[in-house]
Amino acid sequence: MFENKTEQQARQEIINSVREYYNNFLSKNKEFKEGDRISYSSRVFDEKELCNLIDSSLDFWLTMGRYSNEFEENFADFLGVKYCSVVNSGSSANLLAFSALTSPLLKERRINRGDEVITVAAGFPTTVSPIIQYGAIPVFVDVTIPEYNIDVNMLEKALSNKTKAVMIAHTLGNPFNLEKVKEFCNKYNLWLVEDNCDALGSKYYIDGKWKYTGTIGDIGTSSFYPPHHITMGEGGAVYTDNSLLNKIIKSIRDWGRDCSCPSGIDNLCSNRFNGQFGELPKGYDHKYVYSHFGYNLKITDMQAAIGCEQIKKLPSFIEARRNNWNKLREGLQCISDKVILPELNKNTEPSWFGFLITIKEDCQVNRDELVKYIENKGIQTRMLFAGNLIKHPCFDEMREAQEGYKVVGDLINTDKIMNNTFWIGVYPGMDDKQIDYMIEVIKVFFS
């Protein structure tokens, strides 16, 4: 098949075949009809992602390589940040972001065991898990409805002499009150970690200009799991403008190494066998010197190759998500006497991840009845993740011991979310027929 052809010609022939395969077998979208399953989210891609994936696989480099470098540069450029480190999941991104703040290189600002981090229980567990696993103390405060984000009036009440950071997510793409949270963190010299996994592309107007969420705090994180704004299958990213934090992040991501040479490259600094580190013998191989307790959180280059094409589609994805959310909001306005419809925070341009609905307490029906009804009509639903995280089995031992976490105030709205809230999708693969069908099904239920 490849006789008398150069490697480049052979590679191009393979890629052309992949493009043809996509056009013949994967590109045909079935027209939606009533009763078809409407997923809350799914992948949106074309032949370009597939061709990149095959191109990368032909290198058989497998670990991080040229596509990973390209993605990190392009992603940082999109967000307008200096540094980006791509990782193997959004959960790893949160682990890495928090772990970076425990580095001894941060001196008096380092988070130590027993220090406190302000957060919320109405969200996804991996925003909180790194805090607990390290031995710091999550301090939970309530959220507001219908924004579903941290109640900033509780920040001062949650503050103690042990508080070192605030680590919270932008709920389903709706930015939390960054102006108040950032002002609070600046006032008390606290770190701010923005879990941006559900909000890639959301914007906040602050300091006289629009900025992407994830870039306003000290560290931002993203997830590229299939339901998210862009996908690599698995994958995530950690980003910052702080050069010291970037150094720590890359060290912990890459086993905790002190050396910054990329995989497969030796002695980039020309001092590989010259240094003195800790109590190691002088000249010990710098590639095997560890300044942090780290992990291997890298992705494969094949994943990054997909991401390089996905990021080009991100602006159109964001626009589609906003349009779908707005259509749902307008179409369901007529039942606002029975349900609480979501509201965006002021000074924001959300890149929505989903459309939240909360059943009003004086309504004649409950959340579970509505969810079962629309699921039976083929519409996939999701809870607001944990609902109230501290009510889950993973907290049983901590709750019995009455240690390991704190709650400031009550969690009334968090419990309302746990009992009365769910959401449906707005992802870019949806068309007007699907949006209209979801609106009609929900309206019919209440009629």
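Residues numbered from 1 in each chain as written. Predicted model: local features only at pLDDT ≥ 70, side-chain atom pairs only at ≥ 80, totals over all residues. Heavy atoms only, no water.

Let us now look at the nonpolar core. Within the largest apolar cluster, 31 residues are counted, with the highest numbers of intra-cluster contacts made by Ile118, Val141, Ile150, Val166 and Val181. Contributing elements (two or more residues each) for this core: β2 (116-120), β3 (137-141), α6 (155-158), β4 (163-169), α7 (178-188) and β6 (203-206). Per-element tally for this core: the top contributor is α7, with four residues. Ignoring any residue separated from it by four or fewer positions in sequence, one finds Ile150 in contact with Ile118, Val120, Val141, Asp142, Val143, Leu155, Ile168, Phe176 and Val181. (Core = buried A, V, L, I, M, F, W, Y, C linked by side-chain atoms within 4.5 Å. Buried < 20%, exposed > 50% of the residue type's maximum accessible area, 1.4 Å probe, protein only. Helix = DSSP H or I, 4+ residues; strand = E, 2+ residues; numbered from the N terminus. Contact = heavy atoms within 4.5 Å.)

The strand order β10-β12-β14 describes an open sheet built from three strands, whose pairing is antiparallel. A single partner strand is all that each edge strand has here, and the edge strands are β10 (339-340) and β14 (421-425). Bridge count for β10 against strand β12 (residues 354-359) is two bridges, and the pairing is antiparallel. The residue bridging Val339 from the neighbouring strand is Ile359, located in β12. Its contacts with the sheet place helix α10 (residues 367-376) against β12 and β14, and it is angled at close to 25° to β14. Here helix α13 (residues 432-446) sits on the sheet and contacts β10, β12 and β14; the angle it forms with β14, its principal contact strand, is near 150°. (Pairing = 2+ DSSP bridges. Axes fitted to C-alpha atoms, helices over the stretch in contact; angles between N-to-C directions.)

We now examine a negative patch on the surface. A cluster of acidic residues, Glu34, Asp431, Asp436 and Glu440, forms a negative patch on the protein surface. Within the secondary structure, Asp431 is located in the loop between β14 and α13. Assessed through its relative accessible area of 32%, Asp431 is described here as partly exposed. (Patch = residues over 30% accessible without salt bridge, like charges linked within 9 Å, V, L, I, M, F, W, Y side chains within 5 Å. Areas by Shrake-Rupley, 256 points an atom, 1.4 Å probe, with all protein chains shown as cover. Salt bridge = Lys/Arg side-chain N within 4 Å of Asp/Glu carboxyl O. Lys, Arg positive; Asp, Glu negative; His and termini not counted. Charge placed at Lys NZ, Arg CZ, Asp CG, Glu CD.)

By the secondary structure assignment, Thr213 is in the loop between β7 (209-212) and β8 (219-223). The buried category is assigned to Thr213, whose relative accessible area is 0%. Looking at Thr213, its side chain comes within polar contact range of the side chain of Asn196, at 2.7 Å. Ignoring sequence-local partners within four residues, the contact set of Thr213 consists of His170, Pro175, Leu178, Glu194, Asn196, Ala199, Ser202 and Lys203. (Polar contact = N/O pair within 3.5 Å; in protein donor to acceptor, adjacent residues only side chain to side chain.)

Looking now at helix α4 (residues 90-100). For α4, the tally of buried residues reaches ten of eleven residues, placing the bulk of the element in the interior. Taken together, the buried positions of α4 are occupied by Gly90, Ser92, Ala93, Asn94, Leu95, Leu96, Ala97, Phe98, Ser99 and Ala100. For α4, the side-chain oxygen to backbone nitrogen distance between the N-cap and Ser91 is 3.3 Å, and the N-cap itself is Ser89.

Here three strands make up an open sheet; going across it, the order is β7-β6-β11 and the pairing antiparallel. Only two strands of the sheet have a single partner each, and these edge strands are β7 and β11 (348-349). Relative to β11, β6 runs antiparallel, the two being bridged by two bridges. Directly across from Lys203, in β11, lies its bridge partner Glu349.

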